[in-house]
Amino acid sequence: MEAWRNFKTGEWCRTVNVRDFISKNYTPYEGDAAFLCEPTERTKRVNEIVKKLLIEENAKGGVLDVDTDHVSSLLAYKPGYVSDEDIIVGLQTDAPLKRAVNPFAGFRNAKQACEAYGYKISQKVEDEFQYRTTHNDGVFRVYTETMRKARHVGILTGLPDAYGRGRIIGDYRRIALYGMNFLIEQKKADKKELGERDMTEENIHLIEDVAKQLEFMKQLITMAEQYGCDITRPAENAKEAVQWLYFGYLGAIKEQNGAANSIGRISTFLDIYFERDMAEGTLTEEEAQELIDDLVIKLRLVRHLRTPDYNDLFAGDPVWVTASEGGMNLDGRTLVTKNCFRMLQTLYNLGSSAEPNITVLWSEQLPEGFKKFCAQVSIDTDSIQYENDDVMRKMYGDDYSIACCVSAMQTGKQMQYFGARCNLAKVLLMALNGGKDEIYGEQIAPEGKVFDDDKPLDYYEVIEVYKKYCAWMAKLYVNTMNVIHYMHDKYAYERLMMSLHDTEVERLMAFGISGFSVLADSLSAIKYAKVTPIKDERGIIVDYKTEGDFPKYGNDDDRVDEIAEWIVENFYSELCKTKAYRNAKHTLSILTITSNVMYGRKTGSTPDGRRAGQPFAPGANPMHGRDCEGALASLNSVAKLNYGCCQDGISNTFSITPDALGHDQSNRVENLVNVLDGYFVQDAHHLNVNVLNREKLIAAMNDPTLYPSLTIRVSGYAVNFNKLTREKQEEVIARTFHVKM
């Protein structure tokens, strides 16, 4: 076959096995960044068009335009282009930054999003959805009163019950390697085999899933034809490989506006085509970089229409087009290729940016040249994050991707049911108040003893009561998630994304924790200090008198760090006691995005001294300013958390001043590499890196024109600082900026 010329054959030739293709054909690169090219004049021209559009978008309040006449789907729009110089073609709608209406997850949500920006859904779309059940409709038909209450008071928050769940990564590489005709025939064969089994409920469900997938696989072919491309066949060169893969991703985000539609692990796969074309003399290094630059321009233009409430949870208009770079092969070779460098180079060629959410899969064994380039890019742009490949590779093999912020899954073989977060700090307050919410006064959980306000809390008594309510909370959480994902599969199924998975996929159900460090410090205060509850006129505990000092999480102090470890392990074990929908495997994250501000707003005063309404720390971070023993002590505390019961991710956002990292660029690069190696060798999972001064953020907040493209890492993703609300900017500025190692 012409498309597979000069490729080494293997199992991948007979069945869908992208991992086998990569392992047999890629070229590891162990050099430095000297080969990289600056942007071409064409790239500069196209990027200038995009920059002007972004300025217009910001001037219009963050939304440039909305198509209110069509419901988003693969074939809803005419072809769209940035300019007539596009190399990689395709937009979500017929014009760049024009947003689409996607009401399948919730019609009211889509309508409110339009109205928030001065638009009105057309009568045509209203009529189309008059008799259609959305995911949101189905969920609220089944929600119990307790589920509704827990959602209302903010114990369970950010649930994907009114928006697309996201966090599903199609294996878009399959389109480039095999072409759609081959993939369709494979799905038809799977459907036939399923039809020969007993018609159990799960088998019927799966057969219908495959039928839906086949419908959208055919639509993807038609969508590509509108751009003059024939994706029925495999890609025959590097440009086609990039374009075919991008068409798969584009079709996915036209169909679904999920919370995070990541693109996966694509650089090393594409590098195989680049290396072959270069060997044949049909591609230069400058042209190779131009292809990656143009792909990234398209990824930076991805937009979804969101409500203000959604933006309160996930600030900065993120879409999490997460691209995973680097890592190691199971056979000991690095998976770093020149394309991994090229992807990072886009942050120089196109300017720093929050998207795509570039994630480096760090290993102690990565080539030094790549390690140093990553550190340099972090210092210069604050735009990339790191995850521990040495830990994840043991569990997922060497062909996994990162979804959303920090969540690993085997590409094309696992999918995820995303589930937002449980506010464990509120669970503690609820336990102390006999099952009542400390703000609303409502009875949420089963009624229990309200602790006295005339004597200090006893740690061991508090722990026993907390464990009881934590078990109740975990069961409610799993059952709420089961309702949500049953209805999402029924009314807003990701047909195209799931068509690019194995038919019999392993399912993960991703739960989350917020208020983690608040809870750890609160329990530490109860154990090591003297904490006396204070009640209001309702008889509800609303405040605490805390006397004496206590160890605080984030200072490498085992007294409190062991409490933090127990919190995670206990909650995970309780979650696993309730069966998940479609036999999904329970996973857990400590990750808050920027919603740590909103979670804090919904939580009363806590025994650690945090006042009612004050923000939580993000993710697994220590509370702001409490990690006072230096950067390494803070990292050591987080590194103690057990990834084995937190396989959905342990997010840690680390900010350090340039002078603390070193006195010049070379010294800073070397020190950051050493920090990353030292952190991850302890089996730590994730690290966002910001190298900047608090004063720069204050200046940017007060005058956005000073740093219009300032990008920072928050909790699991990057964001343009100027897109954050003032409240969230102030919270970021209040975080710990380490001034000593």
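Heads up: these notes are all about the structure in this document. Note that the coordinates shown come from a computational prediction; the quantities given were computed from them, not determined experimentally. (Residues numbered from 1 in each chain as written. Predicted model: local features only at pLDDT ≥ 70, side-chain atom pairs only at ≥ 80, totals over all residues. Heavy atoms only, no water.)

Glancing now at the pairing of strand β2 (residues 98–101). Of the two faces of β2, the one lined by K98 and A100 and the one lined by R99 and V101 are each fully buried. The pairing of strand β1 (residues 65–71) with β2 spans four bridges and is parallel. In the strand pairing of β2, D67 is matched with A100. (Buried < 20%, exposed > 50% of the residue type's maximum accessible area, 1.4 Å probe, protein only. Helix = DSSP H or I, 4+ residues; strand = E, 2+ residues; numbered from the N terminus. Pairing = 2+ DSSP bridges.)

Our next topic: the pairing of strand β8 (residues 407–410). In summary, the side chains of a regular strand alternate between the two faces of the sheet. Note: strand β7 (residues 400–403) against β8, four bridges, orientation antiparallel. Bridging across to β8, Y400 finds its partner in Q410. In textbook terms, the turn of a hairpin is the stretch between consecutive antiparallel strands, and for β7 and β8 this stretch comprises three residues, one of which, C404, has a positive phi near 55°.

A separate point is the environment of E731. In this fold, E731 is placed in helix α27 (residues 726–734). Along the sequence, E731 and I297 sit 434 residues apart, while their C-alpha atoms lie 30 Å from each other. Ignoring any residue separated from it by four or fewer positions in sequence, one finds E731 in contact with N596, V597, P615, F616, P618 and H624. Side chain to side chain, E731 and R735 meet in a polar contact 3.0 Å long. (Contact = heavy atoms within 4.5 Å. Polar contact = N/O pair within 3.5 Å; in protein donor to acceptor, adjacent residues only side chain to side chain.)

The next subject is the sheet that holds strand β16 (residues 653–656). Taken together, the five strands give an open sheet; going across it, the order is β4-β5-β6-β17-β16, and neighbouring strands pair in mixed fashion. At either end of the open sheet lies a strand with only one pairing partner, and these are β4 (323–326) and β16. Going across the sheet, the axis of each strand differs from the next one's by a mean of 30°, ignoring polarity. Docked against the sheet, helix α16 (residues 389–396) engages β5 (358–362) and β6 (384–388), running at close to 55° with respect to β6. (Axes fitted to C-alpha atoms, helices over the stretch in contact; angles between N-to-C directions.)

Before going further, it helps to examine helix α1 (residues 18–25). Along α1, six of the eight residues are buried, which leaves the element largely enclosed by surrounding structure. Check the buried side of α1 and you find it contacts α7 (173–178) and α11 (267–280).

On to the layout of surface pockets, then. Estimates place the volume of the largest pocket at around 1,000 Å³. In terms of lining, the largest pocket is formed by 40 residues, of which the most central are N58, R303, G316, N720 and K723. Taken together, the elements giving at least two residues each to the lining of the largest pocket come down to α2 (41–59), α12 (285–300), α13 (308–313) and β19 (718–720). For the lining of the largest pocket, the element with the most residues is α2, which contributes six residues. (1 Å grid on protein atoms, 1.4 Å probe; cavity = no way out; pocket = protein on both sides within 12 Å on 5 of 7 lines; lining within 4 Å. Points joined across faces, edges and corners; volume = space filled by probe spheres on them.)

Relative to the helices and strands, T705 resides in the loop between α26 (694–702) and β18 (711–713). Through-space distance from the C-alpha of T705 to that of Y679 is 36 Å; in sequence the pair is 26 residues apart. Side-chain polar atoms of T705 contact the side chain of D703, separated by 2.5 Å.

Attention now goes to the packing of helix α20 (residues 516–528) against helix α21 (residues 558–575). Across the interface, α20 lies against α21 with an axial gap of 9 Å and an inter-helix angle of 125°. Between α20 and α21, the interaxial angle falls into the category oblique. The two elements α20 and α21 cross, and the hand of that crossing is right-handed. The segment α20 lies against α21, with F516, L519, A520, D521, L523, S524, K527 and Y528 engaging R559, V560, I563, A564, W566, I567 and V568. (Parallel < 35°, antiparallel > 145°, perpendicular 65-115°, else oblique. Left-handed = near helix turned anticlockwise from the far one by under 90°.)

Before going further, it helps to examine helix α10 (residues 238–255). When the terminal C-alpha atoms of α10 are compared, their 26 Å separation across 18 residues agrees well with the 26 Å that a helix rising 1.5 Å per residue should span. The element α10 is largely enclosed, with a buried count of 17 among its 18 residues. The backbone nitrogen of K239 lies 3.2 Å from a side-chain oxygen of the residue at the head of α10, namely N237. (Expected span 1.5 Å × (residues − 1).)

Another point: the side chain of Q256. By the element assignment, Q256 lies in the loop between α10 and α11. Among the polar contacts listed, one links the side chain of Q256 to the backbone oxygen of A492, at a separation of 2.9 Å. For Q256, the contacting residues outside a window of four places in its chain are N102, N261, H304, H488, A492, Y493, E494 and M497.

A word on the packing of aromatic side chains. What the rule picks out here adds up to 37 aromatic pairs. Aromatic side chains F7 and Y273 sit 5.4 Å apart centroid to centroid with 85° between the ring planes, which places their arrangement in the edge-to-face category. In this pair, F7 is assigned in the segment before α1 and Y273 in helix α11, connecting sequence segments 266 residues apart. Note on accessibility: F7 and Y273 belong to one class, buried. Three or more aromatic residues joined by ring pairs make a cluster, and in this case those are W4, F7, W12, F21, Y178, F182, F269 and Y273. Against the face of Y528 rests R559, its NZ or CZ located 5.5 Å from the ring centre. (Phe/Tyr/Trp six-rings, centres within 6.5 Å; stacked < 30°, edge-to-face > 60°. Lys NZ or Arg CZ within 6 Å of the ring centre and 35° of its normal.)

Okay, the nonpolar core next. Core analysis: the largest hydrophobic core is formed by 203 residues, its most contacted members being F269, F274, F516, F571 and L641. With 16 residues, helix α18 (residues 459–491) is the single largest residue contributor to this core. Not counting chain neighbours up to four residues away, the residues in contact with L641 comprise F516, Y553, A564, E565, V568, I590, A620 and I650. Formed by 36 residues, the second largest nonpolar core is a distinct cluster that contains V406, I593, F616 and V719. (Core = buried A, V, L, I, M, F, W, Y, C linked by side-chain atoms within 4.5 Å.)

A separate point is the packing of helix α8 (residues 180–195) against helix α9 (residues 201–226). Two numbers describe how α8 lies on α9: the axes approach to 10 Å, and their chain directions differ by 165°. Classed by the angle they form, the pair α8 and α9 counts as roughly antiparallel. For α8 against α9, the interelement crossing comes out left-handed. Each of M180, N181, L183, I184, K187, K188, K191, L194 and G195 in α8 lies in contact with α9, whose residues at this interface are N203, L206, I207, V210, A211, Q213, L214, M217, K218, L220 and I221. Residue composition of the contact of α8 with α9, grouped by class: twelve nonpolar, four polar and four charged. (Nonpolar A, V, L, I, M, F, W, Y, C, P; charged D, E, K, R; others polar.)

Turning next to the state of the cysteines. Here the structure, examined in full by the defined rule, presents zero disulfides. A disulfide-free cysteine, C37 has its sulfur positioned 17 Å from the sulfur of C340, the nearest such atom. Here C37 falls in the partly exposed class, since its relative accessible area comes to 21%. C405 takes part in no disulfide bond, and the closest cysteine sulfur, belonging to C404, lies 3.3 Å away. Given a relative accessible area of 0%, C405 falls into the buried group. (Disulfide = S-S within 2.5 Å.)

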